[in-house]
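Commentary on secondary and tertiary structure
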Amino acid sequence: IAGITQAPTSQILAAGRRMTLRCTQDMRHNAMYWYRQDLGLGLRLIHYSNTAGTTGKGEVPDGYSVSRANTDDFPLTLASAVPSQTSVYFCASSDSGLGDTQYFGPGTRLTVL
Amino acid sequence: AQRVTQPEKLLSVFKGAPVELKCNYSYSGSPELFWYVQYSRQRLQLLLRHISRESIKGFTADLNKGETSFHLKKPFAQEEDSAMYYCASPTVKTSYDKVIFGPGTSLSVIP
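Residues numbered from 1 in each chain as written. Chains lettered and ligands numbered in written order. Predicted model: local features only at pLDDT ≥ 70, side-chain atom pairs only at ≥ 80, totals over all residues. Heavy atoms only, no water.

Digging into the interface of chain B and chain A
Quick reminder of the rule: Contacts between residues were defined by any pair of non-hydrogen atoms, one from each residue, lying within 4.5 Å. Here the quantity called buried area is the accessible surface, traced with a 1.4 Å probe, that two parts lose on coming together, added over both. Throughout this description, a polar contact denotes any pair of N or O atoms lying within 3.5 Å of each other; where both atoms belong to protein, one of them has to be capable of donating a hydrogen while the other can accept it, and for residues adjacent in sequence the pair is counted only when both atoms sit in side chains. Numbering goes from the N terminus for both helices and strands, where a helix is a DSSP run of H or I of at least four residues and a strand is a run of E of at least two. Throughout, the ten residues Ala, Val, Leu, Ile, Met, Phe, Trp, Tyr, Cys and Pro are labelled nonpolar, Asp, Glu, Lys and Arg are labelled charged, and all others, Gly among them, are labelled polar.
Taken together, the contact between chain B and chain A spans 18 residues of the former and 24 residues of the latter. Between chain B and chain A the total buried area reaches about 1,900 Å² when both faces are included, carbon and sulfur atoms providing 58% of it. Counting across the interface, chain B meets chain A through six residue pairs in polar contact (both at pLDDT 80 or more). Counting only elements with at least two residues in the side of chain B that touches chain A, the list comes to strand 5 (34-38), strand 6 (45-49), strand 9 (83-90) and strand 10 (99-101) of chain B. With three residues, strand 5 of chain B is the largest single contributor of residues to the side of chain B that touches chain A. When its residues are assigned to classes, the side of chain B that touches chain A shows ten nonpolar, three polar and five charged.

Structure follows, in structure tokens:
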């Protein structure tokens, strides 16, 4: 059982390019989340999904989009990357809602030049 | 706005010494609070949560509603406790609106 996986592990990207970060879980969790981790700011929620077919905006959604076509996958897309999106991105899942324990992926380190 | 604060960015203690990582929240209701830990080169994982009232790896955390705090404590720090610690709370128990994480405290246990 892999749990929750992310790809790529790291990426260097030119500003203006489009990038999709992948996240897959095999725990059949209903809820999934994307966070960015920045020094001194902790983890900030970008987007979330309660269940397949639904998504919602978190604390810092601008410049990002997500989709949830099925239970397992929750890709995060940067339509036109900017240097301020340089960060470590974590995907997480939980069985049902924010009151449940979240299980995190290993993270994707993204550098936008 | 609801907030979770962790006043110490860095905390260094000697092995065997007591450690306390502070967390304060601003939620006015009955919060569901968590401590997550990130060891070097590992993913974030749950350390403990308020509702379970467990002691994990010797750590405990008590909710103090009067002081709106959820400090993490351990009586005798070990080198393997060196990690980044995040306090977290959902804003509303039944809402998926957002989760608030504190800025994190980096704990370094000196041998």
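Some remarks on the packing of aromatic side chains
Rule in force here: We call Phe, Tyr and Trp rings a pair once their centres come within 6.5 Å, taking the six-membered ring for Trp, and we label the pair stacked below 30 degrees between planes, edge-to-face above 60, and tilted otherwise. For the exposure calls, accessible area comes from a 1.4 Å probe over protein chains only, and a residue counts as buried if that area is under 20% of its type's maximum, exposed if over 50%, partly exposed in between.
Applying the stated criterion across every chain yields a total of eleven aromatic pairs over all chains. Pairing Phe90(A) with Phe104(A) gives two aromatic rings, centres 6.4 Å apart and planes at 80°, and the pair type is edge-to-face. With Phe90(A) in strand 9 (residues 87-94) and Phe104(A) in strand 10 (residues 103-104), this pair connects stretches of sequence that are 14 residues apart. Phe104(A) matches Phe90(A) in its accessibility class, with the two residues each being buried. Aromatic rings pair up to connect Tyr33(A), Tyr35(A), Phe90(A), Phe104(A), Phe34(B), Tyr36(B), Tyr86(B) and Phe101(B) into one cluster.

Quick look at the pairing of strand 11 (residues 105-110) of chain B
Residue and element names in this part refer to chain B. Here is the rule: For two strands to be treated as a pair, DSSP must find at least two bridges joining them.
Judged by which residues are buried, strand 11 turns out to be one-sided: Thr105, Leu107 and Val109 face inward and are buried, whereas Ser106, Ser108 and Ile110, on the alternate face, are not. Here five bridges tie strand 2 (residues 10-14) to strand 11, and the two strands are oriented parallel to one another. Its bridge partner being in strand 11, leucine 11 is matched across the sheet by leucine 107. In this structure, strand 9 lies alongside strand 11, joined through three bridges in antiparallel fashion. Bridge pairing in strand 11 places alanine 83 opposite leucine 107.

Some details on the environment of Leu41(A)
Residues and elements named next belong to chain A. Along the chain, leucine 41 falls in the loop between strand 4 (31-38) and strand 5 (42-49). Of the residues examined, leucine 41 reaches a relative accessible area of 45% and is grouped as partly exposed. For the pair formed by leucine 41 and alanine 92, sequence separation is 51 residues and the distance between their alpha carbons is 18 Å.

Shape descriptors only; they carry no functional weight alone.
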